[in-house]
Amino acid sequence: MTWGREGQARGRASSREVSLSAFNYLQFDHGCQFITASTPVALEQIRDWERRGFLKHWKGRLGTYDAATCAFKDRTEECGTGTPDDQGFCNILCKGDIYVGSYCMVDACSAMYQLIGIEVKWDERMEHGQVCHETSALPAPVQPALSYNQALSVRRVSPAATSGQAHLCPNGLRMQVTSAAWQPGHGWELTTETGRGQKRRGQHSSLILADQMNVRKGSHGYVDMQAHNFCALAERVRAVKRSPRYSLMLALKQGAIRAPFDGVTVRNSSIIEWISRDTSKPGRERTDGVECWVAVTTEAFAQEVISEMPLFYNGEYVPQTKEVLMDIGSRIWDALKTILQPFIEGNPEPTYLRAQRWASAFKADPLGGPCMTELGLRMAACGDFCLSSSAEGAILSGIAAAEAIAELISQQSPTPTAQRAS
Ligand SMILES: Cc1cc2nc3c(=O)[nH]c(=O)nc-3n(C[C@H](O)[C@H](O)[C@H](O)COP(=O)(O)OP(=O)(O)OC[C@H]3O[C@@H](n4cnc5c(N)ncnc54)[C@H](O)[C@@H]3O)c2cc1C
């Protein structure tokens, strides 16, 4: 059983859609920009998703951009030249293909639910859930494939069911697990909250925490596990340092930026770390003369903005208003115009401009192991805070946690009262 806070399986592999009219919308990959893989397990997984149409190979003009000299270098020239610590933004300079979700990054996640035959249920009190991309056709659902047990192998522990279940929440609403009470001999009793009251969700034989927020009191995804919030697993996960970023979403008239690239890791800029012509990614082509761009800031810039506008005030989380995000967006746009000056004529006016704050875009010091387990509590934790802070790190960690829990459950048969889910 998968419990998700959002209307789609996405997290930071997220995309923003902005409606222009009933039939036209802007779309930005404003979180994860692309997926790479350097390990055989992740590579095999990614290639399989590509074969099945959920990921596409991004064959754009990718490389590095030097903000001081305004020079672009193709990644074929740069690959393998960086130090192990500097392989460019999210390892773009490592050898290997660069992948993106077929139509947007969310497709890479939500399509996987269809692929493995997981039934997506909307919360009972809601109207039937909205389709995430009414205007972009998702690949047709594929019959569950055995090889996919690997991705979410918790499915294997549910022999009675041919598919798992995922509880997500319609767009615009949040439903999150707020508490998990450990009952020895029974398992974990979960409670969820939608803002319209709490609901008890029954017992689960084991628990996989898939976000560092789950153990950070005061954060959106905090799960109250009472004394178990102080178990060794929770303490270690909590200690991982977050590394913030802002992303900028920008819609401009086609050709307003005549840059010789589609996606670059930026060198010698204190503000911008990554720039991408989002529209150049496969499946995002447009015919309305508009181009969507995304820039990701440096950690230093994000830290500076967050120190001006702290995330918490008097212990309360401070959500960012549209006005604030437009203002920060303008600052990033000014920086972008400065470094791309040779490729911009005049002062183009964006038709859409907005920043997005990612307080925990990356993890600065991941734990180093594939996943964390607290087997006595039938609990595991996975995510990019474990092995490495990237989509690949998250994939490997998810597989490891699922396997650890599946192994545990196969050794200790669940008590009759505990539902077989995790
Ligand atoms: C701007 C930006 C650009 C990036 N670019 C790249 C890139 O190009 N390449 C790359 O490899 N990586 C990139 N990353 C990093 C990458 O996106 C992350 O490392 C990866 O997505 C982490 O996946 P995850 O599953 O560990 O966590 P997440 O994606 O954060 O997923 C955690 C999920 O758990 C849910 N959740 C949390 N608490 C609860 C609760 N209580 N109840 C229910 N659900 C809950 C959350 O809503 C979320 O959906 C980027 C990140 C950002 C922000």
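Just so it is clear, the structure is predicted and the values come from calculations on it, not from any experiment.

> Got a minute to help me understand the overall build of the chain in this structure?
When its secondary structure is counted, the chain shows seven helices and 22 strands. The buried share of the chain, reckoned over its 422 residues, is 44%.

> Before we go on, may I ask you to explain the nonpolar core in this structure?
In terms of nonpolar packing, the biggest core is built from 59 residues, with C371, A380, A381, C382 and A401 touching the most fellow members. If one sorts the elements of this core by residue count, helix 7 (residues 391-411) sits on top with eleven residues. In contact with A401, other than residues within four places in its own chain, are I208, C371, A380, A381 and C382. The next biggest cluster of nonpolar side chains, apart from the first, holds 36 residues, and it includes A67, M249, A295 and L336.

> Can you help me understand the sheet that holds strand 13 (residues 207-209) in this one?
In a beta sheet, neighbouring strands are held together by backbone hydrogen bonds and run either parallel or antiparallel to one another. Overall, mixed pairing links the three strands, which are arranged 13-22-21 in an open sheet. Strands at the two margins of the open sheet, each flanked by one partner only, are strand 13 and strand 21 (372-374). When strand polarity is set aside, the average angle formed by the axes of neighbouring strands in this sheet is 15°. Where strand 13 and strand 22 (residues 379-381) come together, three bridges link them in parallel fashion.

> Would you mind showing me how to read the site of the ligand here?
As a matter of local geometry, the ligand sits amid 35 residues, with G11, Q33, G221, G383 and S390 nearest to it. Residue assignment for the shell around the ligand shows that the elements contributing at least two residues are strand 10 (176-183), strand 14 (242-253), strand 20 (352-363) and helix 7. Taken together, the residues of the shell around the ligand break down into 16 nonpolar, eleven polar and eight charged. Two domains each donate at least three residues to the shell around the ligand, and these are domain 1 (2-28 + 102-240 + 365-411) and domain 2 (65-89 + 241-363).

> I tried to follow the sheet that holds strand 14 on my own but got confused; where do I start?
Ordered by their spatial adjacency, seven strands build an open sheet running 6-5-15-16-17-14-20, and the pairing between neighbours is mixed. Since the sheet does not close on itself, it has two edges, and those belong to strand 6 (71-74) and strand 20, each with one partner. Across the sheet, the mean angle separating the axes of adjacent strands is 25° when strand polarity is ignored. Both strand 16 (residues 272-277) and strand 17 (residues 290-297) contribute to a ladder of five bridges, which runs antiparallel. Each bridged residue has a counterpart across the sheet, and for I275 the counterpart in strand 17 is A295. Its contacts with the sheet place helix 5 (residues 299-308) against strand 14 and strand 17, and it is angled at close to 100° to strand 14.

> Just to check I follow, could you spell out helix 6 (residues 322-339) for this structure?
Three- or four-residue spacings in an α-helix give side chains the same orientation, since the helix completes a turn every 3.6 residues. Across its 18 residues, helix 6 extends 26 Å between first and last C-alpha, which sits within 8% of the 26 Å expected from 1.5 Å per residue. The set of residues buried in helix 6 consists of I328, G329, I332, W333, A335, L336 and I339. For helix 6, the angular spread of buried residues about the axis comes to 160°, placing them on one side. Seen from the buried face of helix 6, the exposed residues on the opposite side, beyond 90 degrees, are E323 and D334. Looking at the buried positions of helix 6, the neighbouring elements they touch are strand 14, strand 16, strand 17, helix 5 and strand 20.

> Looking at this structure, how should I read the environment of V240?
Position of V240 among the secondary structure elements: in the loop between helix 4 (232-239) and strand 14. According to the C-beta neighbour criterion, V240 is buried, with 21 such atoms within 10 Å. Along the primary structure V240 and Q212 are separated by 28 residues, whereas in three dimensions their C-alpha atoms are 8.2 Å apart.

> Honestly, the packing of helix 1 (residues 40-51) against helix 7 in this entry has me stumped. Any pointers?
Geometry of a packed helix pair, given as the angle between the helix axes and the separation of the axes. Two elements in contact, helix 1 and helix 7, have axes whose closest approach is 10 Å; the angle formed by their N-to-C orientations is 100°. The orientation of helix 1 with respect to helix 7, classified from their angle, is roughly perpendicular. Between helix 1 and helix 7, the contacting residues are V41, A42 and Q45 on the first element and E392, I395, L396 and I399 on the second. Split by residue class, the contact of helix 1 with helix 7 holds five nonpolar, one polar and one charged.

> Would you mind showing me how to read the pairing of strand 5 (residues 62-66) here?
Most of strand 5 sits inside the fold, with four of its five residues counted as buried. Sheet analysis places strand 5 next to strand 15 (residues 263-267), joined by five bridges and oriented parallel. The residue bridging L62 from the neighbouring strand is G263, located in strand 15. Pairing analysis gives four bridges linking strand 5 to strand 6, with the strands arranged antiparallel. Looking at strand 6, one finds that D66 is bridged to A71.

> Looking at this structure, how should I read the confidence of the model for the chain?
Interpreting fine coordinate detail is not advised for predicted regions of low pLDDT. For the chain, per-residue confidence averages 81 on the pLDDT scale, and 79% of positions sit at 70 or higher. The element-level mean pLDDT for the chain is lowest in strand 8 (residues 119-122), coming to 44, with strand 16 highest at 98. Low pLDDT, under 50, characterises residues 119-164; the predicted model gives this stretch 79 contacts beyond four residues in sequence or across chains. Overall, residues 414-422 carries pLDDT values under 50, and its contacts beyond four positions in sequence, including any with other chains, amount to 30 contacts.

The rules behind each value
- Residues numbered from 1 in each chain as written.
- Predicted model: local features only at pLDDT ≥ 70, side-chain atom pairs only at ≥ 80, totals over all residues.
- Helix = DSSP H or I, 4+ residues; strand = E, 2+ residues; numbered from the N terminus.
- Buried ≥ 20, exposed ≤ 12 C-beta atoms within 10 Å, placed from the backbone.
- Core = buried A, V, L, I, M, F, W, Y, C linked by C-beta atoms within 7 Å.
- Contact = placed C-beta atoms within 7 Å.
- Pairing = 2+ DSSP bridges.
- Axes fitted to C-alpha atoms, helices over the stretch in contact; angles between N-to-C directions.
- Near = placed C-beta within 6 Å.
- Nonpolar A, V, L, I, M, F, W, Y, C, P; charged D, E, K, R; others polar.
- Domains from an automatic or database assignment.
- Expected span 1.5 Å × (residues − 1).
- Arc of directions from axis to C-beta.
- Parallel < 35°, antiparallel > 145°, perpendicular 65-115°, else oblique.
- pLDDT = per-residue confidence, 0-100.

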